[in-house]
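In case you want the letters, here they are:
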Amino acid sequence: MRSFSICASLLGALLCLTPALGSAQAWDAATKATSWAKQDKDDSFTFYDPAGRALHTWARDGGLMGTLPLGKLSGEPDRWVIDPRNAAWIAHGTSLTHIDRTGRILGSERLPAVVGDICWDAMGMVLSYRTAEPYVEKRDYRTAEVIWSFGSKPTKKDGPAPQNLRPLTLDDSGNILMADGNALNLSILDANTGKKVGETALLFRGVPAPTLEGDAANRGPLAVWVGKGVIFASLKASQVPAAQRGTLQGLALARLDLPRTSLDFLPTGLDESHVLVGVLDSDAVFVNPRGGLMLVKIK
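Here is what the cut-offs are and how they apply
Residues numbered from 1 in each chain as written. Predicted model: local features only at pLDDT ≥ 70, side-chain atom pairs only at ≥ 80, totals over all residues. Heavy atoms only, no water. Core = buried A, V, L, I, M, F, W, Y, C linked by side-chain atoms within 4.5 Å. Buried < 20%, exposed > 50% of the residue type's maximum accessible area, 1.4 Å probe, protein only. Helix = DSSP H or I, 4+ residues; strand = E, 2+ residues; numbered from the N terminus. Contact = heavy atoms within 4.5 Å. 1 Å grid on protein atoms, 1.4 Å probe; cavity = no way out; pocket = protein on both sides within 12 Å on 5 of 7 lines; lining within 4 Å. Points joined across faces, edges and corners; volume = space filled by probe spheres on them. Nonpolar A, V, L, I, M, F, W, Y, C, P; charged D, E, K, R; others polar. Polar contact = N/O pair within 3.5 Å; in protein donor to acceptor, adjacent residues only side chain to side chain.

Enquirer: Help me understand the nonpolar core in this model?
Expert: Looking at soluble globular proteins, one finds that nonpolar side chains tend to be buried together. If you look at the biggest cluster of nonpolar residues, it comprises 25 residues, and the most contacted ones within it are Leu 55, Leu 70, Ile 90, Leu 96, Met 125 and Leu 127. Secondary-structure elements contributing two or more residues to this core are β5 (79–82), β6 (88–92), β7 (95–99), β9 (115–120) and β10 (124–129). With 4 residues, β6 is the single largest residue contributor to this core. Once residues lying within four places of it in the same chain are set aside, the contact partners of Met 125 are Val 81, Trp 89, Leu 96, Ile 118, Cys 119, Trp 120, Glu 137, Lys 138, Arg 139, Asp 140, Tyr 141 and Ala 144. Listed in part, the 22 residues of the second largest apolar core include Ala 179, Val 224, Val 240 and Leu 248.

Listed below in structure tokens is the structure:
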């Protein structure tokens, strides 16, 4: 197996995302987005607007595509997904609440733990819980019934435990990829059954991928570069082992090339507070915590 290095200069150009031309919407992600989001199949993103207590679905080429009010939701949303009927499933605390496009609450389900991340496909939503050991569920869009689960379901008898955030994404084959702890390799789960079908075996310059340093309980998001077989993992530069860190500072990206089983670390020019939300064309898309989106060129 061969390792392919990516020159750091590939991510050197940092650009503000330009709002869609001809759009005069009151809310525009390019200048106002501040929350977590995850890129959908149509390249749209759904952001939470805390000031307006609403979810806004937005696309670079289409501008604001829809707004779903959350005025009747108890508490603040942690993670969310828009279902095929354009209603939303909102994870907040240990509850999963279904809200229609008008803001009406359709129902709510109790969850076994707080949700750390979520992804979805045509059949359902996949929830990764903040638990000591990995626990993942796939739930139906209509009723939120569990289709399958992976790992050991937490119980009240377990008591307080570390709440590790395990980011998820879907690869080009529709499998679920999950990051965990200090490992850069990802677990691969079958999206139809929840069975673990393997792990990546990444190489960094011809040797096995190193282990991250420091506390990795709050891992940064994963984003897939569709059609390339490449996954980007957002990391603090301080998490990259000193021997591989070089001049990296602030926020870095681990570039996981799955077909070539190769790994590289890339700079972003951003501080640690920015949030990776997806990849558009040849740009990684980040939310600026002060409002708006930033693009970082990738290759």
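Enquirer: Can you help me understand unusual backbone geometry in this one?
Expert: Even without glycine at this site, Asp 43 takes up a positive phi of about 70°. Looking at the secondary structure, you find Asp 43 in the loop between α1 (29–32) and β2 (45–49). Positive phi is not limited to glycine here, since Asp 281 has a value of about 55°. Structurally, Asp 281 can be placed in the loop between β23 (275–280) and β24 (283–287). Assessed through its relative accessible area of 58%, Asp 281 is described here as exposed.

Enquirer: Whenever I open this one, the layout of surface pockets confuses me. Can you help?
Expert: Any space left empty among the atoms is revealed by the rolling of a water-sized probe across them. Estimates place the volume of the largest pocket at around 580 Å³. Contributing to the lining of the largest pocket are 30 residues, with Gln 39, Asp 40, Asp 43, Val 224 and Val 226 lying nearest its centre. For the lining of the largest pocket, the elements supplying multiple residues, two or more each, are β9, β13 (168–170), β19 (222–225) and β23. The biggest single contributor to the lining of the largest pocket is β23, with 5 residues. For the lining of the largest pocket, the residue count by class is 16 nonpolar, 3 polar and 11 charged. Taken as a whole, the second largest pocket encloses approximately 490 Å³ of empty space. Around the second largest pocket, the lining comprises 26 residues; the ones closest to its centre are Asp 40, Thr 46, Thr 57, Ile 82 and Asn 86. At the level of elements, β2, β3 (54–59), β4 (63–69) and β5 are the ones that each hand at least two residues to the lining of the second largest pocket. Per-element accounting of the lining of the second largest pocket gives the leading share, 4 residues, to β4. Looking at the lining of the second largest pocket residue by residue, the classes come out as 13 nonpolar, 6 polar and 7 charged.

Enquirer: Please clarify how the environment of Asp 190 should be interpreted in this entry.
Expert: With respect to the secondary-structure elements, Asp 190 resides in the loop between β15 (183–189) and β16 (196–199). In the structure, Asp 190 is positioned 15 residues away from Asn 175 in sequence and 5.2 Å away in space, judged by C-alpha atoms. Once residues lying within four places of it in the same chain are set aside, the contact partners of Asp 190 are Trp 148, Asn 175, Lys 195 and Val 197. Only 2.7 Å separates the side chain of Asp 190 from the backbone nitrogen of Asn 192, close enough to count as a polar contact. Separated by 3.2 Å, the side chain of Asp 190 and the backbone nitrogen of Thr 193 make a polar contact.

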